[in-house]
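Architecture at a glance
Residues per chain, in single letters:
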Amino acid sequence: MNHFLKEQLRAIKEELGEEDEEKKEINSYKSKIRKAKLPKQAKEKALYELDRLKKCGTFSSEGGVIRTYLDWVLELPWSKETKDNLNIKRVREILQEEHYGLEDVKNRIIEYLALKKVSKTLKGPILCLVGPPGVGKTSIAESIAHALNRNFVRMSLGGVRDEAEIRGHRKTYIGAIPGRIIYGMKQAKSKNALFLLDEIDKMSGDFRGDPADALLEVLDSEQNNTFRDHYLEIDFDLSKVLFITTANTLDTIPRPLLDRMEVIEVSGYTSEEKFHIAKEHLIPKKLDELSIEYNKITFSDSSIYNIIDNYTRESGVRNLERKIASIIRKTITEMLEKNKKKMNITVNHVKKYLGPVQFTYDKADKEDKVGVVMGMAWTAYGGDTLPIEVSTMKGKGKLEITGQLGDVMVESAKAGYSYVRANAEKYGIDFKFYQDKDLHIHVPEGAVPKDGPSAGVTMITAMISALSGKKVKHNVAMTGEITLTGRVLPIGGLKEKSLAAYRAGIDTVIIPKDNEKDLLKIPKTIKNKLKFILADNIDVVLENSLI
């Protein structure tokens, strides 16, 4: 009976022409599977799903699910690769043309290429670029893809909370699709693409799982040759992909994930670097966007420095780009209104278009003072100077600390106070000062939160100066963490801090001895104009700062 009904159904389908359509589709899939150069496991899975499609019919609901699955399998770049540009000299030229600075990143890519030229089976490195916003972490990844002749794909991880975003959903769920890694590979159309995982520090987990755990397999060069997406249920080789991740901070990245990546720090730009970026990249880019000839609107060097120093306060160049765009728009308007053919932007034009100066930097005092010491701080926008003031008054040994300081900075002040009490006589201070004198430590700009241990030496110097009556040299700035025994410990952000000191008119900087290695990161133009004193204990600091 069943056989009879099936034959009747087949005859009806033949009359309607449906049988031919189904056969055509099945044969089409069979041909695609044969030509696709799939790995053995993927081919077997595709043929198995095709066999199921035959049995259930292409027009059934299950048939639609199987067709979607087969389309995904066949569209992935299982064996497609782009040919790497192994001309190291040309790659370096492209990277230099498209980006100013970021030498550590460029050198690492050149090293990878050099090794790949020697060893054909080299796995792609997994790099993590860490730095403040706007320094070019995302755009350097595009430049690397261009230089290496690789397809580029970007995936933003900001706000991703679900593990299924990375690994996909199983086919049993209605509307299931692969995760964003497989989606990205389909988009890339080659198995050796450059895959940018942007804002990896912005991920967070919830009851649906932690996406960082799913990325452990993706970013492990020993495991990612068999990455398994929940939807595909077959292994996909990610070992030839060059993964680059970006982050603003390492604090929120889980340790196991961080351990799988090679971290390259991308620090903020100096005023000199910003000047070159503006002149060689940002201004030509904006003029190109508006189809304006380069000689029609020009910027004087002093006008560019004026925009950088007085109208932007950032580590990167995003605001600088906006200010330049604003000036160009206003210039074009003025040229059309006054029938001018060309314009050279000067400092006066900048003031006219952008208004009064928006940012000013602290300048070092012109005279030596008691109880006032110039410290240095690192901020998300670069380095800054941090004057610390200490005042003494009659009292009962109370220590007052103001200036909206964080817990670490308050502890640093207390440690410094204890050191001064323990060594008072050594510095010519009455050892009973704590019985009849109160000390007030204040860090100006009270509305701005401050934290960190690097102001330890500055606070001790200011306290000893205030209690002994000795003046502090106005041309000296300092940084370093302090211990109860007077040892000076290393700090971070030396490059940015040194630039801030130079900008403020300081010519002598006292730094921890263990930070000597970081002097290599400071631009020669700045290093030659500053005298660096290396201190391993507080006595060296006091010898070079008190008069």
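Residues numbered from 1 in each chain as written. Predicted model: local features only at pLDDT ≥ 70, side-chain atom pairs only at ≥ 80, totals over all residues. Heavy atoms only, no water.

Per an unreviewed UniProt entry, the recorded name for the protein chain is endopeptidase La, and the organism is Clostridium acetireducens DSM 10703. Reading the Catalytic activity (unreviewed entry) entry of the UniProt record for the protein chain gives the comment "Hydrolysis of proteins in presence of ATP." (UniProt positions renumbered as here; feature names shortened; annotations may be inferred.)

Considerations on the packing of aromatic side chains
Counted under the stated rule, the structure contains 8 aromatic pairs. The interplanar angle of 90° and the centroid separation of 6.1 Å between the aromatic rings of Tyr417 and Phe433 together place this pair among those described as edge-to-face. Here Tyr417, found in helix H16 (residues 407-422), pairs with Phe433, found in helix H17 (residues 433-436); they are 16 residues apart in sequence, far enough to count as distant. The exposure classification of Tyr417 matches that of Phe433, with both residues buried. Here the aromatic residues Tyr417, Phe433 and Tyr434 are joined through ring pairs into a cluster of three or more. (Phe/Tyr/Trp six-rings, centres within 6.5 Å; stacked < 30°, edge-to-face > 60°. Helix = DSSP H or I, 4+ residues; strand = E, 2+ residues; numbered from the N terminus. Buried < 20%, exposed > 50% of the residue type's maximum accessible area, 1.4 Å probe, protein only.)

Let's talk about the pattern of salt bridges
Counted by the stated rule, this structure contains 30 salt bridges. A salt bridge links Glu199 to Lys202; the shortest N-O distance between them is 3.0 Å. Exposure remark for Glu199: the relative accessible area of 25% places this residue in the partly exposed category. Lys202 gets classed as partly exposed once you look at its relative accessible area, which sits at 35%. Of the charged contacts in the structure, one is a salt bridge between Asp539 and Lys426, with a shortest N-O distance of 3.0 Å. Pair noted here: Asp539 is in helix H21 (residues 538-545) and Lys426 is in the loop between H16 and H17, with a separation of 113 residues, a long-range link. By relative accessible area, which is 23% here, Asp539 ends up partly exposed. Through salt bridges that share partners, Lys45, Glu49, Arg52, Lys171 and Glu233 make up one connected network. (Salt bridge = Lys/Arg side-chain N within 4 Å of Asp/Glu carboxyl O.)

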